[in-house]
Amino acid sequence: MSFRSRRTSVRLAVGLIAAVVPLVGAGAAQAAIAGAPQPSFSVRPTYINSALTGASTARFCFDKQVIVNNPTGFGLSGYDTDIVLTSTDATASGNCVNATFSTSSQNGDLGSYTVGEVAEGAVRGLSGEGNRADDTPLSGAGNNNGTTGHETAPDLVKTQYVGSGGANQMAFTFDQQLNSNSVNVAANAFHVVFSTGPNCPPGLTV
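Residues numbered from 1 in each chain as written. Predicted model: local features only at pLDDT ≥ 70, side-chain atom pairs only at ≥ 80, totals over all residues. Heavy atoms only, no water.

Trainee: Honestly, the pairing of strand E11 (residues 134-139) in this entry has me stumped. Any pointers?
Mentor: Along any regular strand, the residues point their side chains to alternate faces of the sheet. Direction of pairing for strand E2 (residues 47-52) relative to E11: parallel, over a ladder of two bridges. For Ser-50, the partnering residue across the bridge sits in E11 and is Leu-138. The pairing of strand E9 (residues 115-118) with E11 spans four bridges and is classified as antiparallel. Considered in E11, the bridge of Val-118 is made with Asp-134. (Pairing = 2+ DSSP bridges. Helix = DSSP H or I, 4+ residues; strand = E, 2+ residues; numbered from the N terminus.)

Given below as C-alpha cells:
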C-alpha cells in the first residue's frame, strides 16, 4: 500500500508567504484538500470525491471508468493525521469504487473519519494507466473537525503562487486572522511538494 505522504500544515496566520526555490517548471502537488486544485490527466483516472455509504462502506469516485487494481488501496483518515483505516475489499462500478472497512471497536465509527484517500495505483483506467495517490474530504462524515468553519483554530483553505519579478513565492491562506506579532514558526514549517521531486522547504515572511 502506498498512500500519499501526509503533509502537516502549521496553522498560523492569514496571508503567510513562503518563498520557494525552484518553482518554475515544477509540476503541481497531488492534493485536493484545503482548496488546492486537483490534478488533471488525459489518460490516468483522477480521484475526485469520496462519501460514506454505510456503517462499514464508502464510495470513491474518479473522472473515468475504473477497474480495481488494489482492493486494500482505499483509506479513511482525519485531517492532519498519519492514521489511516485501510479497506478490506473493494469493487468497481463505473467511475466509482465501493470499498469495505472493518468496523471493529478499535477502528471506531466510520463517521468519525473526515478524509478519503486512495493509494498510488489503487485503480486503473480502461487504458491500463493507474491513478496517482490523493485525498479528498469525506462526504457524510459526522465529525467535521478539521474542515473549514468547524474548528476554533485556523484552517488552511488555499495555497497560491504569488511570486513576481523573479521571486518564487507561495501564499498560504487560512480561514481566520491572527495577530502577526504572535507568529512563531520554524523556517521549514511550510512546504511545497512537487509531483516530480521532493518537497521544497521555504524561507518565510509574514
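Having seen it, we continue.
Trainee: How should the environment of Phe-62 be read in this particular structure?
Mentor: With respect to the element layout, Phe-62 can be found in strand E3 (residues 57-62). On the basis of relative accessible area, Phe-62 is assigned to the buried category, the value being 2%. As a C-alpha pair, Phe-62 and Arg-44 span 18 residues in sequence and 9.7 Å in three-dimensional space. Sequence-distant contacts of Phe-62, defined by excluding residues within four places in its chain, comprise Pro-45, Thr-46, Tyr-47, Ile-48, Phe-74, Asn-95, Val-97, Val-118, Val-123 and Asn-131. (Buried < 20%, exposed > 50% of the residue type's maximum accessible area, 1.4 Å probe, protein only. Contact = heavy atoms within 4.5 Å.)

Trainee: What's the story with the pattern of salt bridges in this structure? I'm lost.
Mentor: Opposite charge on two side chains permits them to pair, given that their charged atoms come into close proximity. Tallied over the full model, the rule gives three salt bridges. Of the charged contacts, one joins Glu-129 and Arg-44 as a salt bridge, the two residues approaching to 3.8 Å between their closest N and O atoms. Taken as a pair, Glu-129 in the loop between strand E10 (123-125) and E11 and Arg-44 in the loop between strand E1 (16-19) and E2 lie far apart in primary sequence, 85 residues in all. Exposure remark for Arg-44: the relative accessible area of 21% places this residue in the partly exposed category. Here Arg-132 ties to Glu-120 by a salt bridge, and the two come within 2.7 Å at their closest N and O atoms. One end of the pair, Arg-132, is in the loop between E10 and E11; the other, Glu-120, is in the loop between E9 and E10, with 12 residues separating them in the sequence. (Salt bridge = Lys/Arg side-chain N within 4 Å of Asp/Glu carboxyl O.)

Trainee: Just to check I follow, could you spell out the packing of aromatic side chains for this structure?
Mentor: Here a ring pair, both rings aromatic, is described through the centre-centre distance and the interplanar angle of the planes. For the structure on display, the rule yields four aromatic pairs. On the numbers, 6.1 Å between centres and 35° between planes, the contact of Tyr-47 with Phe-60 is tilted. Remark: Phe-60 occurs in strand E3 and Tyr-47 occurs in strand E2; sequence separation between them is 13 residues. Each member of the pair Tyr-47 and Phe-60 is classed as buried. The interplanar angle of 45° and the centroid separation of 5.6 Å between the aromatic rings of Tyr-47 and Phe-62 together place this pair among those described as tilted. Here the residue Tyr-47 occupies a position in strand E2, and Phe-62 occupies one in strand E3, the gap between them amounting to 15 residues. Residue classification places Tyr-47 among the buried residues on the basis of a relative accessible area of 2%. A network of ring pairs unites the aromatic residues Tyr-47, Phe-60, Phe-62, Phe-74 and Phe-101 as a single cluster. (Phe/Tyr/Trp six-rings, centres within 6.5 Å; stacked < 30°, edge-to-face > 60°.)

Trainee: Looking at this model, I keep getting lost on the environment of Glu-120. Mind explaining?
Mentor: The exposure class of Glu-120 is partly exposed, given its relative accessible area of 35%. For the pair Glu-120 and Asn-69, spaced 51 residues apart in sequence, the C-alpha to C-alpha distance is 10.0 Å. Within the structure, the side chain of Glu-120 is placed 2.7 Å from the side chain of Arg-132, a separation counted as a polar contact. (Polar contact = N/O pair within 3.5 Å; in protein donor to acceptor, adjacent residues only side chain to side chain.)

Trainee: Where do I start with the nonpolar core in this structure?
Mentor: In a soluble, globular protein the nonpolar side chains are often hidden away together inside. In terms of nonpolar packing, the biggest core is built from 19 residues, with Phe-60, Phe-62, Phe-74, Leu-76, Val-97, Phe-101 and Leu-110 touching the most fellow members. Elements supplying a minimum of two residues to this core: E2, E3, strand E5 (74-77) and strand E8 (96-100). For this core, the leading source of residues is E3, giving three residues. With residues near it in sequence (within four places) discarded, Leu-110 still touches Leu-52, Gly-54, Ala-55, Ser-56, Thr-57, Leu-76, Leu-85, Phe-101, Ser-102 and Leu-138. (Core = buried A, V, L, I, M, F, W, Y, C linked by side-chain atoms within 4.5 Å.)

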